[in-house]
Amino acid sequence: MEKFLSNLEPFKEIIFVTRPVLPKIEEVTEKLKDIWEAKWLTNNGPQHSMLESELENFLKVPYLSLFNNGTIALIVACQSLRLSGEVITTPFTFAATTHVLSWNNIQPIFCDIDAETMNLDAEKIESMITPHTTAILPVHVFGTPCDVEKIQEVADKYGLKVIYDAAHAFGVEIGGEGIGNFGDISMFSFHATKLYHTVEGGALVHGDKNLKARIDLLKNFGIKNEDEVVMPGINGKLNEVSSAIGRIMLNYVEDERQKRKLLHEIYDSELSEVEGIKLMPKCGEDVKLNYQYYVIRIDEKLFGKSRDEVYDEFKKYNVYTRKYFHPLCSEFTCYRQLNSARKENLPVANKIADQVLSMPMYGELSADDVKKICDILKSMRR
Ligand code: T4K
């Protein structure tokens, strides 16, 4: 028998950190009929073209290229800007961000993060620049925008490119402007676990027509026409079924965002007074958030339990939280020998990685579910 710290009953079914938003099956079969009729399953088909322009409108960006996932998109982004040498990035992110640099033979240079936003600390970037630095790769982690102005200022001063990993930031805006308009290129992930998805998928967005042509060549093996292959490209194409699902999902995204906004508000109000629990960072009035994730930080001394103890205790109640992003990328065996990966160079990131916990967040959760999750958490406090 499990020992519980409260008299709250465990959830009957597992509460995952997230669940995919599923469109009505009839809407999907309807679109499948069109695809079957056209007998065009991939390679820049009609669903793909329509989704590209629909997403350009939705995200308020000039140019968008679809991809089969966000990781391949980011690999191609580095290729398209011909990055080499060293790129300054955050250790507090999903493995893909750093691995993409390795796949381009680029050395990741880890820079510490901001204690509030958990994003790359823009004030520290300048001190990490060397003659080998070619770019900055920040992440809008959990959908909180980076300090885009300061980052651009540093990039301009040293002639560096900026690629944003905007995997978490679908639909986020600053002052009415789509988040994809900052930097040279931004990458969005359309993975099933994201607020908006195409089952698997992703996109690169930017403001340069010539860059779109280069990116589109790179994602299709570098094939220009039947007689010419002009660069060493890869297969990064999004198929027609995923593109069609993406078109349907555009009608669901705002409803899902509103549902998550309400759940955010419940977490905020239930947990704001709990000593030892730090809530999501607050953004300025001009920021439109997407509410994709809800992340807390647990101060072991003040709360009386460590993040790992809380994570284990939640499981007994069938609540499967996640430790995004622990371990830090700088702690992976493939990167920890790097000078910039040393713990003493990354004090904030190391502290946060030990405290952070992603709470269940998806529109299907009810207000009562979230209140109960908060009650379970509160019952753990010592
Ligand atoms: N950059 C950043 C900052 C990213 O966060 C990511 C991806 C990328 C780049 C790369 O983009 P992609 O190449 O993936 O497009 C998940 C996602 O797979 C990954 O896309 C995402 N970040 C990352 C933060 O989360 P895992 O390994 O935690 O996923 P998994 O399979 O454990 O799923 C999490 C939970 O979601 C499960 O416990 C249950 C639920 N789930 C998941 C799937 C796949 C479902 O209910 N149904 C499902 O089909 O990485």
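Structural notes, computed from the coordinates. Model, not experiment: these values are computed from the prediction.

Before going further, it helps to spend a moment on the overall build of the protein chain. Along the protein chain, the regular secondary structure elements total 13 helices and 15 strands. The C-alpha atoms of the protein chain give a radius of gyration of 21 Å, which matches the 21 Å a tight globule of 382 residues would have. The principal-axis extents of the C-alpha atoms in the protein chain amount to approximately 70 × 55 × 40 Å. Looking at the protein chain as a whole, 54% of its 382 residues are labelled buried. Summing over all exposed atoms, the protein chain offers an accessible surface of approximately 17,500 Å²; the carbon and sulfur share of this is 51%. For the protein chain, the distance from the average site of its 45 positive side-chain charges to the average site of its 56 negative ones is 3 Å.

To continue, consider the site of the ligand. Taken together, 25 residues surround the ligand, and among them Thr 71, Asp 165, His 168, Ser 189 and Tyr 324 come closest. Here Arg 322 contributes a side-chain N or O atom positioned 2.8 Å from an oxygen atom of the ligand. Look at the ligand: alone it shows 920 Å² of surface, and the protein chains cover 76% of it. Taken together, the elements giving at least two residues each to the shell around the ligand come down to helix H3 (70-80), helix H4 (95-103) and strand E8 (185-189). The residue inventory of the shell around the ligand, partitioned by class, reads ten nonpolar, eleven polar and four charged.

Turning our eyes to something else, we now look at the sheet that holds strand E5 (residues 161-165). The sheet built from seven strands is open, its strands ordered E1-E9-E8-E5-E4-E2-E3 with mixed pairing. Where the open sheet ends on each side, the last strands, each with one partner, are strand E1 (63-67) and strand E3 (107-110). Averaged over neighbouring strand pairs, the angle between their axes works out to 25° when direction is ignored. Helix H2 (residues 46-59) rests against E1 and E8 of the sheet, and its axis sits at about 130° to E1.

Turning to the pairing of E1, a few remarks are in order. On a regular strand, one side chain projects to one face of the sheet and the next to the other, so that they alternate. With four of its five residues buried, E1 lies for the most part within the structure. By the bridge criterion, five bridges tie E1 to strand E9 (residues 202-206) in an arrangement that is antiparallel. What sits directly across from Leu 64, in E9, is Val 205.

Attention now goes to the packing of helix H11 (residues 307-316) against helix H13 (residues 367-380). At a closest axis distance of 10 Å, the pairing of H11 and H13 adopts a crossing angle of 130°. The pairing of H11 with H13 is recorded here as oblique in orientation. Crossing of H11 against H13: the hand is right-handed. For the pair formed by H11 and H13, the contact residues are Val 310, Glu 313 and Phe 314 on the first element and Ile 373, Ile 376, Leu 377 and Met 380 on the second. Partitioning the contact of H11 with H13 into residue classes produces six nonpolar, no polar and one charged.

Procedures and definitions
- Residues numbered from 1 in each chain as written.
- Predicted model: local features only at pLDDT ≥ 70, side-chain atom pairs only at ≥ 80, totals over all residues.
- Heavy atoms only, no water.
- Helix = DSSP H or I, 4+ residues; strand = E, 2+ residues; numbered from the N terminus.
- Rg over C-alpha atoms; globule rule 2.2 N^0.38 Å.
- Buried < 20%, exposed > 50% of the residue type's maximum accessible area, 1.4 Å probe, protein only.
- Areas by Shrake-Rupley, 256 points an atom, 1.4 Å probe, with all protein chains shown as cover.
- Lys, Arg positive; Asp, Glu negative; His and termini not counted.
- Charge placed at Lys NZ, Arg CZ, Asp CG, Glu CD.
- Near = heavy atom within 4 Å.
- Polar contact = N/O pair within 3.5 Å; in protein donor to acceptor, adjacent residues only side chain to side chain.
- Nonpolar A, V, L, I, M, F, W, Y, C, P; charged D, E, K, R; others polar.
- Pairing = 2+ DSSP bridges.
- Axes fitted to C-alpha atoms, helices over the stretch in contact; angles between N-to-C directions.
- Contact = heavy atoms within 4.5 Å.
- Parallel < 35°, antiparallel > 145°, perpendicular 65-115°, else oblique.
- Left-handed = near helix turned anticlockwise from the far one by under 90°.

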